[in-house]
Amino acid sequence: MDSILENLTVPQLEAVTHRDGPMIVIAGAGSGKTRVVTRRIAWLISQGVWPSQILAMTFTNKAAREMRERVEALVGQAPRSIGTFHGCCARFLRRDIDKLDCGRNHDFTIYDDEEQKTLLKQCIKAAGKIPRGLTPSLLSTAISNSKNGRKSLAAALQDDDYLDLLPVIEKIAEDYEKRLQECNAVDFDDLLLLTVRLLEEVPGMADIYHNRFRYLLVDEYQDTNHLQYQLIMRLANEEQNVHVTGDPDQSIYSWRGADYHNIMSFTQDFPNAKLVKLEQNYRSTPTILNAANSVIENNSRRIPKELFTENADGRLITELLAHTDRHEAEWIVRKTRRLRQNGHSWRDCAVFYRTNAQSRVLEEAFVKAGIPYQLLGGLRFYERKEIKDFLALLRIKVNPSDAVAFERVFANFPICEGLGGKALAELQNAAALAHQPVVTYAASEAYRAGLKGRSQKTERLRRLSNWLRQLLETPATPVATAVQEIERFTDFMRQLELQHGQDNLLERRENVQSFLERAQNFTNDNPEADLAAFLEDVALVADVDSHDPQADGVVLMTLHSSKGLEFPYVFIAGVEEGVLPHARATARPGALDEDLDQLEEERRLFYVGITRARRAVYLSHVALRFQYGGYKPSSPSRFLEEIPPGLVRRFLYRNGDEIPMR
DNA sequence: AAGACGGAGGTTTTT
DNA sequence: CCTCCGTCTT
């Protein structure tokens, strides 16, 4: 109990010990937000609230894990319902989706973006002649906006260019929903949407959840979209113990539907809400904070907030102009080496950039200098082709209606060589006629009996059918055994070679090996769990956070990924017009309001980057940036002018020397 | 059914 | 400039 309330400032204490009724904590960067949330959960438990009555939702698995671990450390136990929005919703749906009329059952599969696009491509194809420009990604954005905003497709398609295509788009979207249902699958947005519908449409359901969860905590509230907002509103009971935490100045995901107005209007949604502002920063030097404050003040429509610190004064911010991006990278390399010589670790340095494309020059420079680095972002483990192929096997086993996974198997496994689109279509039609899931049908005795003759194609289909039968007959538990067994009988490792040749063979083998280990770890942690649970873990929970704080290396990542982290030394590369702010956020005459919103989001991104730094910030920009195959002139970002000149030392980098500029 | 060619586009991506 | 699609060819 003592430790729960130890070392807290007055506003922090106020937030931690707020018992009943709604509360919003506006927590500035580095103000100890996580500490407050975890202490509050611990405090509630210490006050006699049952852990099972607490539901805490975050955006990332990392945040959820951290929260759980810290609560456990404080009170020896933690609520089971600490998780991501999507993870919590998936759990609710596994339990209750059968009660909702939505065409799925509790064995549903979760489709990621790639699978969603695959399905959409099929819908586009089925729709026949489609005007050019109606791409899967445009459609997925429209469908996602429509679900996230709970509005019609017409309303979701802000882009007038495509409004005349509305009937076609609606038709495709309808087809997409139909196919999802046929596959017994949901997309990421559906996890939230169907949960909200569950609460709205199934009589008595809302009451059950209201009784179950008496305390609701939401992290990063500024990043919630309308659907998440509705979820929170439907989950809140008459006690209104809704506690949200966030920082509107760190809202950087509006392009994904996040609406920071949710946090701005919380006190209107809950007029008796308690408002706590955490403005004392424990992370950065006053120099860094002053710079950050000055920048963010240029945004309109803010909740006024001024971060302050009692930390000692620090170094001035370094601004550097280099000739090209190669020189910029070279300078960053030199700076990190110097810091290392002065007794810091490589991992004390982080380099942020606006776009992933910028990472390449930086990587090359670090490789050339022989300095270790960790690159974050890029392809995630479970998005690798060989892993997705293997996962497809597991998925058709768990959910034989999963047509997308089946098509993946069909297209990628050597056993299906010589069988193409036509054979697949025939199989699918026959399965539909037999009213059976395609995989069940293809693996059935009846199907094999119907295969007459000895033609090459028939032999291939027979072989495939037996192979599928074997897959379905493999015992599904324990998970690790099932996964190993499937790897063995499909000879997956060895087939890798035949499939894609020698390219990166070693890496691909390691990935599969690592996947088998993950399955083993999962089984050790959850001995009772079945394959379906493992697949859900893979789809939602098992993010490999590639940022390993143990490993020593300079950390490279986008500004977006840097949110929530901190480093002693922060470099931001490419602080230029067109890069930061990004060209897409500035250009375009007309539509002024939207442009302003986008520009302000870019500014928040810059703000997030600066406030990651504990001791020093280095901002660099170049005269010529290599882009689209040529050097293009680049000018300093307008954001640089927003930092008071007294806080900055400016240098020109030439021939390996820093030349002071006035 | 698999390889070759041409054109368009080229941010950020918690789940 | 390079990569990703979609289409066309064998």
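Up top is the structure.
These numbers were taken from a predicted model, which means no experiment stands behind them. (Residues numbered from 1 in each chain as written. Chains lettered and ligands numbered in written order. Predicted model: local features only at pLDDT ≥ 70, side-chain atom pairs only at ≥ 80, totals over all residues. Heavy atoms only, no water.)

1. Observations regarding the overall build of chain A
Okay, so step 1: A count of helices and strands for chain A gives 29 helices and 17 strands.
Okay, so step 2: Against the compact-globule benchmark of 26 Å for 662 residues, chain A has a radius of gyration of 27 Å, which places it among compact chains.
Okay, so step 3: Overall, chain A is about 85 × 65 × 55 Å in size when its C-alpha atoms are taken along their principal axes.
Okay, so step 4: Looking at chain A as a whole, 54% of its 662 residues qualify as buried.
Okay, so step 5: Across chain A, every contact between residues at least 6 apart in sequence was considered, and the portion connecting residues at least 24 apart equals 76%.
Okay, so step 6: Entry remark: accessible area of chain A is about 29500 Å², with carbon and sulfur atoms responsible for 49%.
Okay, so step 7: Considering chain A, the positive charge centre built from 84 side chains and the negative charge centre built from 92 side chains are found 4 Å apart. (Helix = DSSP H or I, 4+ residues; strand = E, 2+ residues; numbered from the N terminus. Rg over C-alpha atoms; globule rule 2.2 N^0.38 Å. Buried < 20%, exposed > 50% of the residue type's maximum accessible area, 1.4 Å probe, protein only. Contact = heavy atoms within 4.5 Å. Areas by Shrake-Rupley, 256 points an atom, 1.4 Å probe, with all protein chains shown as cover. Lys, Arg positive; Asp, Glu negative; His and termini not counted. Charge placed at Lys NZ, Arg CZ, Asp CG, Glu CD.)

2. Remarks on the environment of Gln 456
Okay, so step 1: Structurally, the position occupied by Gln 456 is in helix 23 (residues 456-473).
Okay, so step 2: Sequence spacing of Gln 456 and Gln 240 is 216 residues, and the spatial spacing of their C-alpha atoms is 67 Å.

3. What to know about the protein's contact with DNA strand B
Okay, so step 1: As a matter of local geometry, DNA strand B sits amid 28 residues, with Arg 354, Asn 356, Gly 420, Thr 558 and Arg 584 nearest to it.
Okay, so step 2: Those atoms of DNA strand B that come within 4 Å of the protein belong to sugar or phosphate at a rate of 49%.
Okay, so step 3: At 3.5 Å from a base oxygen of DNA strand B is found a side-chain nitrogen or oxygen belonging to His 86.
Okay, so step 4: Asn 356 has a polar backbone atom sitting 2.6 Å from a phosphate oxygen of DNA strand B.
Okay, so step 5: Elements with a contribution of two residues or more to the surface near DNA strand B: helix 20 (421-433) and helix 28 (559-562). (Near = heavy atom within 4 Å. Polar contact = N/O pair within 3.5 Å; in protein donor to acceptor, adjacent residues only side chain to side chain.)

4. Looking at helix 18 (residues 385-398)
Okay, so step 1: For helix 18, with 14 residues, the first-to-last C-alpha span of 20 Å sits near the 20 Å given by 1.5 Å per residue.
Okay, so step 2: Extensive coverage of helix 18 is indicated by the burial of 13 of its 14 residues. (Expected span 1.5 Å × (residues − 1).)

5. Some remarks on helix 12 (residues 226-235)
Okay, so step 1: With respect to burial, helix 12 is a largely interior element, seven of its 10 residues being buried.
Okay, so step 2: N-capping of helix 12 is provided by Asn 225, with a side-chain oxygen placed 3.0 Å from the backbone N of Leu 227.

6. Things to note about the packing of helix 6 (residues 113-126) against helix 9 (residues 166-182)
Okay, so step 1: For the pair helix 6 and helix 9, interaxial distance at closest approach is 9 Å and the crossing angle is 125°. By the criterion of interaxial angle, the relationship of helix 6 to helix 9 is oblique. The handedness of the crossing between helix 6 and helix 9 comes out as right-handed. Taken together, the residues of helix 9 that come into contact with helix 6 (itself represented by Gln 116, Leu 119, Leu 120, Gln 122, Cys 123, Ile 124 and Ala 126) are Ile 172, Asp 175, Tyr 176, Arg 179 and Leu 180.
Okay, so step 2: Considering only residue class, the contact of helix 6 with helix 9 consists of eight nonpolar, two polar and two charged. (Axes fitted to C-alpha atoms, helices over the stretch in contact; angles between N-to-C directions. Parallel < 35°, antiparallel > 145°, perpendicular 65-115°, else oblique. Left-handed = near helix turned anticlockwise from the far one by under 90°. Nonpolar A, V, L, I, M, F, W, Y, C, P; charged D, E, K, R; others polar.)

7. Section: the packing of aromatic side chains
Okay, so step 1: Under the criterion given, the structure shown has 25 aromatic pairs.
Okay, so step 2: Where Trp 331 meets Tyr 618, the ring centres are 6.2 Å apart and the plane angle is 65°; that geometry is what we call edge-to-face. Of the two residues, Trp 331 sits in helix 16 (residues 325-341) while Tyr 618 sits in strand 14 (residues 613-627), which places them 287 residues apart along the sequence. Neither Trp 331 nor Tyr 618 differs from the other in exposure class; each is buried. (Phe/Tyr/Trp six-rings, centres within 6.5 Å; stacked < 30°, edge-to-face > 60°.)

8. Focus on the packing of helix 6 against helix 7 (residues 136-149)
Okay, so step 1: Between helix 6 and helix 7, the shortest axis-to-axis distance is 9 Å and the interhelical angle comes to 110°. By the criterion of interaxial angle, the relationship of helix 6 to helix 7 is roughly perpendicular. Residues Gln 116, Lys 117, Leu 120, Lys 121 and Ile 124 of helix 6 form the contact with helix 7, whose participating residues are Pro 136, Ser 137, Leu 139, Ser 140 and Ile 143.
Okay, so step 2: Looking at the contact of helix 6 with helix 7 residue by residue, the class counts come to five nonpolar, three polar and two charged.

9. A look at empty space enclosed by the protein
Okay, so step 1: Following the criterion strictly, the structure yields three cavities of 30 Å³ or more and no others.
Okay, so step 2: When grouped by side-chain class, the residues that make up the lining of the largest cavity number three nonpolar, one polar and four charged. (1 Å grid on protein atoms, 1.4 Å probe; cavity = no way out; pocket = protein on both sides within 12 Å on 5 of 7 lines; lining within 4 Å. Points joined across faces, edges and corners; volume = space filled by probe spheres on them.)

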